[in-house]
Amino acid sequence: MPNNKITGAEALMRSLENEGVTTLFGYPGGAIMPSYDALYDHRSTLNHILVRHEQGAIHAAQGYARVSGKVGCAIVTSGPGAMNTVTGVADAMIDSTPLVVICGQVGAEYLGTDAFQEVDVIGVTQPITKWNFQIRRAEDVAWAVSRAFYIAKSGRPGPVVLDFTKNAQTNLVDYEPKRVDFIRSYLPVPQIDEDAIKTAAKMINHSERPLMLVGQGVELGDAREELRELIEKANIPVGCTMLGLSALPSDHPLNKGMLGMHGNLGPNVLTNQCDLLIAVGMRFDDRVTGNINTYARQAKVIHFEIDPSEVNKNIHADLAVLGDCKQTLAEVTKHVQPADNSLWISRFTPYEQQENEKVIEPAVHPAEGPLLMGEVVRRVSELTENKAVLVTDVGQNQLFGCRYFRFTEGRSVITSGGCGTMGFGLPAAIGATFGAPERTVCLFVGDGGLQMTIQELGTIMEQHAPVKIILLNNNYLGNVRQWQYLFFRKRYSFTPMLNPDYEKIAEGYGIKARTVVERKDLDDAITEMLQTDGPFLLQCAVMEEDNVLPMTPPGANVDEMMLEIK
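A quick note: this is a predicted structure, and the numbers were derived from the prediction, not measured. (Residues numbered from 1 in each chain as written. Predicted model: local features only at pLDDT ≥ 70, side-chain atom pairs only at ≥ 80, totals over all residues. Heavy atoms only, no water.)

Student: Before we move on, can you summarise the nonpolar core with the specific residues and values?
Tutor: Among the nonpolar cores identified, the biggest contains 93 residues, and Met212, Leu277 and Phe444 are the most heavily contacted of them. For Phe444, the contacting residues outside a window of four places in its chain are Val376, Val377, Val380, Leu390, Val391, Thr392, Asp393, Asn397, Phe405, Ile470 and Leu472. By size, the runner-up hydrophobic cluster in this structure holds 38 residues, among which are Leu46, Ile75, Ala148 and Val173. (Core = buried A, V, L, I, M, F, W, Y, C linked by side-chain atoms within 4.5 Å. Buried < 20%, exposed > 50% of the residue type's maximum accessible area, 1.4 Å probe, protein only. Contact = heavy atoms within 4.5 Å.)

Student: Lay out the sheet that holds strand S4 (residues 72-76) with the relevant residues and their values.
Tutor: In spatial order, the strands read S3-S2-S4-S5-S7-S6; together these 6 strands make up an open sheet with parallel pairing. Both edges of this open sheet fall to strand S3 (47-50) and strand S6 (131-135), since each of them pairs with a single strand only. Across the sheet, the mean angle from the axis of one strand to that of its neighbour is 20°, orientation sign disregarded. By the bridge criterion, 5 bridges tie S6 to strand S7 (residues 159-165) in an arrangement that is parallel. When the bridges of S7 are listed, Ile135 appears paired with Phe164. Its contacts with the sheet place helix H5 (residues 86-94) against strand S5 (99-105) and S7, and it is angled at close to 145° to S7. Each of S4, S5, S6 and S7 is contacted by helix H7 (residues 141-153), which is oriented at about 170° to S6, the strand it contacts most. (Pairing = 2+ DSSP bridges. Helix = DSSP H or I, 4+ residues; strand = E, 2+ residues; numbered from the N terminus. Axes fitted to C-alpha atoms, helices over the stretch in contact; angles between N-to-C directions.)

Student: Explain helix H16 (residues 349-364) to me, using residue names and the numbers behind them.
Tutor: With 16 residues, H16 extends just 20 Å between its outermost C-alpha atoms, more than 12% less than the 22 Å of an ideal straight helix rising 1.5 Å per residue. Of all the bends in H16, the greatest measures close to 50° and is centred on Asn356. Residues of H16 that are buried include every one of Glu355, Val359, Ile360, Ala363 and Val364, and no others. Against the buried residues of H16 lie helix H12 (265-271), helix H17 (373-383) and helix H18 (396-404). (Expected span 1.5 Å × (residues − 1). Bend = angle between axes of the 7 residues up to and from the residue.)

Student: Could you give me a rundown of helix H19 (residues 425-435), with the residues and numbers involved?
Tutor: Think of an α-helix as turning once every 3.6 residues; residues three or four places apart then point the same way. Taking burial as the measure, the 11 residues of H19 include 9 buried ones, the bulk of the element. Considered for burial, the residues of H19 that qualify are Gly425, Leu426, Pro427, Ala428, Ala429, Ile430, Gly431, Ala432 and Thr433.

Student: Any details on the sheet that holds strand S13 (residues 300-305)? Residues and values, ideally.
Tutor: With respect to topology, 6 strands assemble into an open sheet ordered S11-S10-S9-S12-S13-S14, the strand pairing being parallel. Pairing within the sheet leaves two strands with one partner each, and these edge strands are strand S11 (255-258) and strand S14 (319-322). Across the sheet, the mean angle from the axis of one strand to that of its neighbour is 20°, orientation sign disregarded.

Student: Give me the environment of Met242: which residues, what numbers.
Tutor: Examined against the element boundaries, Met242 turns out to sit in the loop between strand S10 (238-240) and S11. Residue Met242 is classed as buried on the basis of its relative accessible area, which comes to 19%. A sequence separation of 46 residues divides Met242 from Val288, and the C-alpha atoms of the two residues are 9.2 Å apart.

Student: For the packing of aromatic side chains, give the residues involved together with the corresponding values.
Tutor: Scanning all chains against the criterion turns up 13 aromatic pairs. Both rings, one in Trp344 and one in Phe348, keep their centres 5.7 Å apart while their planes meet at 70°; by these two values the pair is edge-to-face. Phe348 matches Trp344 in its accessibility class, with the two residues each being buried. Judged by centre distance (5.7 Å) and plane angle (50°), the ring pair of Phe405 and Phe407 falls under tilted. The pair formed by Phe405 and Phe407 is uniform in burial state, with each residue classed as buried. Here the aromatic cluster, defined as three or more aromatic residues joined through ring pairs, consists of Phe25, Tyr64 and Phe434. Above the plane of the ring of Tyr40 lies Arg43, whose end atom (NZ or CZ) is 3.7 Å from the centre. Looking at Arg481, its charged tip hangs above the ring of Tyr476, at a distance of 5.8 Å from the centre. (Phe/Tyr/Trp six-rings, centres within 6.5 Å; stacked < 30°, edge-to-face > 60°. Lys NZ or Arg CZ within 6 Å of the ring centre and 35° of its normal.)

Student: Outline unusual backbone geometry, supporting the account with residue identities and numerical values.
Tutor: The step from Leu549 to Pro550 runs through a cis peptide bond, and the omega angle for that step is -5°. Counting through the fold element by element, Pro550 comes out in the segment after strand S20 (536-541). Phi at Asp222 is positive, roughly 50°, even though this residue is not glycine. Within the element layout of this structure, Asp222 appears in the loop between helix H10 (216-220) and helix H11 (224-234). Positive phi outside glycine occurs at Asn312, with the angle close to 65°. By the secondary structure assignment, Asn312 is in the loop between S13 and S14. Its relative accessible area of 42% is what places Asn312 among the partly exposed residues.

Student: Give a detailed account of the pairing of strand S12 (residues 276-280), specifying residues and quantitative values.
Tutor: Among the 5 residues that make up S12, 5 are buried, leaving the element largely enclosed by the rest of the structure. Of the two faces of S12, the one lined by Leu276, Ile278 and Val280 and the one lined by Leu277 and Ala279 are each fully buried. Taken together, the 5 bridges between S12 and S13 define a ladder with parallel strand orientation. Following the sheet pairing, Leu277 is matched in S13 by Val301.

Student: So what about the environment of Gly374? Which residues, and what values?
Tutor: Along the polypeptide, Gly374 turns up in helix H17. Sequence-wise, Gly374 and Leu322 are 52 residues apart; in three dimensions their C-alpha atoms are separated by 38 Å. Leaving out residues up to four positions away in the same chain, Gly374 has contacts with Ala363, Val364, Phe400 and Tyr404.

Student: Lay out the packing of helix H3 (residues 54-68) against H19 in plain terms, naming residues and giving numbers.
Tutor: Their axes nearest at 6 Å, the elements H3 and H19 cross at an angle of 45°. In terms of orientation, H3 and H19 fall into the oblique class. You can see that H3 and H19 cross each other, and the crossing is right-handed. Contacts between H3 and H19 pair Gly56, His59, Ala60, Gly63, Tyr64, Val67 and Ser68 from the former with Pro427, Ala428, Gly431, Ala432, Phe434 and Gly435 from the latter. Classifying every residue of the contact of H3 with H19 gives 7 nonpolar, 6 polar and no charged. (Parallel < 35°, antiparallel > 145°, perpendicular 65-115°, else oblique. Left-handed = near helix turned anticlockwise from the far one by under 90°. Nonpolar A, V, L, I, M, F, W, Y, C, P; charged D, E, K, R; others polar.)

Pasting the structure below:
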């Protein structure tokens with residue numbers, strides 16, 4: 001009788017294929033080596049991207065997931081390998097990014113003995129995952145992998161960690177594919193309450209000054225069309241969170257811009273003047289609300305949300321509409337009545353004019369002086385016909401990027417929102433090129449954040465990943481410097497940066513590069529970057545002490561925005 005048994009490591013590869021995985025990012029090591037040996041025979045179906053650091057693997061998986069809508073997958077070894085992914089796991093948890101992270105682990109017989117490269121991965125990651133599980137038997141591989149992918153992608157997405165002991169990788173098992181699509185006590189999508197739907201529609205119909213706040217939940221739920229149908233029927237102006245910016249085209253007449261500390265003036269100020277606040281797939285982060293004690297106190301609040309734990313967590317909701325927003329928005333639209341709201345919408349105009357005159361025009365069309373971050377971002381966006389994927393690192397590059405990039409397509413914003421992880425941008429952009437190979441991926445990064453994961457230029461070199469890197473080099477940790485200028489008496493404590501020659505570094509990795517200092521050379525350099533087949537690093541020597549405005553100072557009311565710094 002033939003022996004049909006396979007190793008647990010081989011079972012892992014077949015289970016990944018069974019889940020539709022085609023791309024995974026990783027770095028081999030001792031405790032995960034049996035799985036890498038099995039992967040050797042699956043290279044035609046599982047495209048493994050060798051990163052240069054495990055943090056690169058997790059952030060690349062995030063970029064892949066965010067742009068594609070699929071589950072990102074990373075595979076690393078035990079101990080330091082697993083720990084190097086923890087920042088990205090936490091980042092994915094707070095930003096609702098579906099990931100499955102597979103970590104090697106010492107053999108089950110050595111657990112708890114402080115064996116070489118043993119770390120309690122389950123204990124470390126339990127607070128920052130939707131689910132984690134230690135696979136100690138080869139018999140559990142197929143079930144654990146299927147359950148992991150189901151949990152990661154269902155309901156409100158998030159990361160799952162599988163801790164894979166070495167004995168479970170090497171032991172033999174009769175493999176049978178599994179398909180987990182139900183877990184008792186786990187309700188990923190709440191049942192729709194018809195009364196809540198009708199009440200929401202009634203509140204919208206009776207509102208004279210409605211304002212909708214759109215978050216990433218609209219993107220995650222593929223509800224862009226449903227969103228558009230509702231706002232156009234009821235004529236509701238919209239403000240978007242940073243992660244929700246591409247849920248609605250930037251030029252849509254009802255899109256009034258970005259919410260939050262560095263958002264647009266109109267939607268922030270009028271948050272405290274509307275009579276109905278409609279939040280969709282967003283969690284009322286403190287960077288959006290400012291002082292919660294004065295936030296929208298005059299308004300009734302409707303919260304469309306898939307995760308009940310987010311309702312009333314920060315801002316009290318008069319009505320919760322639970323469920324998948326793709327369904328709930330469509331149901332509410334059936335009951336709302338066409339509305340005018342033109343007088344209310346016209347109240348945005350003076351704020352738009354004021355911000356445009358004092359902030360936007362000087363930032364994107366400066367008459368003289370050094371290059372500004374805002375103008376670089378806007379020209380890159382315009383020369384890609386506003387169709388590119390925006391990836392940012394964290395800092396001023398992120399804020400200028402999200403303020404001045406324009407969007408025509410969904411799933412076009414990849415940035416570290418809730419965690420604010422410097423070093424996120426470069427590997428996330430690499431992942432995005434694999435998740436959407438047909439799209440142009442533009443990374444805006446500062447000189448500080450680039451150096452945190454600069455080794456991933458090696459991954460770009462090996463994969464010829466066509467990342468268009470726009471380095472906004474101001475020789476500072478710019479965002480920290482801005483806060484030091486405003487709130488710490490201009491005491492620039494360890495924020496000036498002594499930078500290397502980035503063109504030479506790019507040359508060492510075989511990546512074409514160019515530096516722009518003069519405004520007259522900007523368009524030509526951007527065009528060269530976009531026409532180059534493969535990766536490109538465009539270094540822009542920007543104004544050293546440029547500031548992101550408007551700005552709501554920390555602890556201030558959402559409508560107390562600074563338009564200038566004196």
